[in-house]
Amino acid sequence: MPTVRLRDASEYPKPTQKLFEVAKSWFNYDFAEPPAMSRVMAWDPELGALHGRAMKRAMTPGEWTRAEKEMVAAVVSGVNACNY
Amino acid sequence: MAADAPWYEAALLVGVTNALNVVADSPLESLEPARPSAEAESVFAEIRDFYDRAEVPSAFRRVAGDPGYLADLWGAARRVFTDNRLTRRHKEALAFAVSVTTRSPFGTAFHLGELRRLGVGERGVMEVLGVTQMFSSYTKIADTLQLEPDMGDIAPVDHSPAPGGAAPASRAADRGRAEPRSPEAP
């Protein structure tokens, strides 16, 4: 169980909620609520925007496809023993 | 990569990569035979050929005192790093990411060398490093807050049978139906 209460998207300021739309578009999936990680990163919108941009830059297709990069992300998460 | 097969392949690669790294990064130089047996030398020749380099990686040299074990370990390593559903180039990227994440000096240097040898440029290396770094951040944020998986519905379950096997009758009828699956990435 999370150690903090995850706020619903509606509890965030309107400008921040726009970030959730970006996340929905990124995953191309209509979440009932934005993923927990998106809501955590939105807690500090300045950090969230910078971190999110760095993530998107890293995940954007280049010499590797998005799918190949998703698999790199998955193995990194796996060896970090991250359940999320 | 909606099917399970490439993910099985990736997981097996992660395991073998870590197995090689833990031996190579440990202070086990003294285990390397001064004069490897003829059987070990035969395996070494295959290793040199596979990696197109004169020196046999220490992960293999250190287990050469048991040539039978060396042969099996090498066979497993060659199997997981050979082109299959995932390309050898992509597999080296995964191994590099695993090695960086587990702070393996041997694995990081070795797989970086392999990436370059296989034609991956600096940009390609930076892309893998960027993903590795970003997800080393997300995973620790998630763990600190003990976040629970919430992206399991993105991809459907793959009901195809194990290689060479047959799908259970109950599953065959459900094939193609979308169901929640465990998450693949944060």
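Going by the structure above, here's the rest.
First things first, this report covers the structure right here in the doc. (Residues numbered from 1 in each chain as written. Chains lettered and ligands numbered in written order. Predicted model: local features only at pLDDT ≥ 70, side-chain atom pairs only at ≥ 80, totals over all residues. Heavy atoms only, no water.)

1. Topic: the side chain of Ser 99 of chain B
Residue and element names in this part refer to chain B. Examined against the element boundaries, Ser 99 turns out to sit in helix H5 (residues 88-101). Within the structure, the side chain of Ser 99 is placed 3.0 Å from the side chain of Asn 21, a separation counted as a polar contact. Filtering out sequence-adjacent residues up to four positions away, Ser 99 remains in contact with Thr 17, Asn 21, Ser 104, Gly 107, Thr 108 and His 111. (Helix = DSSP H or I, 4+ residues; strand = E, 2+ residues; numbered from the N terminus. Polar contact = N/O pair within 3.5 Å; in protein donor to acceptor, adjacent residues only side chain to side chain. Contact = heavy atoms within 4.5 Å.)

2. Description of the nonpolar core
Phe 60 and Phe 135 of chain B are the most contacted members of the largest nonpolar core, which has 64 residues in total. With near-sequence residues (within four places) excluded, Phe 60 of chain B lies in contact with Leu 20, Phe 44, Ile 47, Tyr 51, Leu 70, Leu 73, Trp 74 and Ala 77 of chain B. (Core = buried A, V, L, I, M, F, W, Y, C linked by side-chain atoms within 4.5 Å. Buried < 20%, exposed > 50% of the residue type's maximum accessible area, 1.4 Å probe, protein only.)

3. Let's talk about helix H4 (residues 66-79) of chain A
For H4 of chain A, spanning 14 residues, the distance from its first C-alpha to its last is 20 Å, which sits close to the expected 20 Å at 1.5 Å a residue. Turning to H4 of chain A, its buried residues are Glu 68, Lys 69, Glu 70, Met 71, Val 72, Ala 73, Ala 74, Val 75, Val 76 and Ser 77 of chain A. Looking at the packing, one finds that the buried side of H4 of chain A touches helix H3 (45-59) of chain A together with helix H1 (5-24), H5 and helix H7 (122-144) of chain B. One or two positions beyond H4 of chain A, positive phi appears at Ala 81 of chain A, with a value near 55°. (Expected span 1.5 Å × (residues − 1).)

4. Re the pattern of salt bridges
All names here are of chain B. Evaluation of the coordinates by the stated rule reveals 18 salt bridges over all chains. With a shortest N-O distance of 3.6 Å, Glu 29 and Arg 62 are connected by a salt bridge. One end of the pair, Glu 29, is in the loop between H1 and helix H2 (38-51); the other, Arg 62, is in the loop between helix H3 (58-61) and helix H4 (67-81), and 33 residues separate them in sequence. Taking relative accessible area as the criterion, Arg 62 reaches 8% and is therefore assigned buried. Measuring nitrogen to oxygen at the nearest pair gives 3.0 Å for the salt bridge that ties Glu 32 to Arg 61. Of this pair, Glu 32 sits in the loop between H1 and H2 while Arg 61 sits in helix H3, placing them 29 residues apart in sequence. Residue Glu 32 is classed as partly exposed on the basis of its relative accessible area of 23%. Exposure remark for Arg 61: the relative accessible area of 22% places this residue in the partly exposed category. What emerges from the salt-bridge pattern is a single network uniting Glu 29, Glu 32, Glu 55, Arg 61 and Arg 62. (Salt bridge = Lys/Arg side-chain N within 4 Å of Asp/Glu carboxyl O.)

5. Points about the environment of Phe 50 of chain B
Residue and element names in this part refer to chain B. Mapped onto the elements of the fold, Phe 50 is located in helix H2. Judged by relative accessible area, which is 15%, Phe 50 ranks as buried. Here Phe 50 is in contact with Trp 74, Arg 78, Phe 81, Thr 82, Arg 88 and Arg 117, once residues within four sequence places are set aside.

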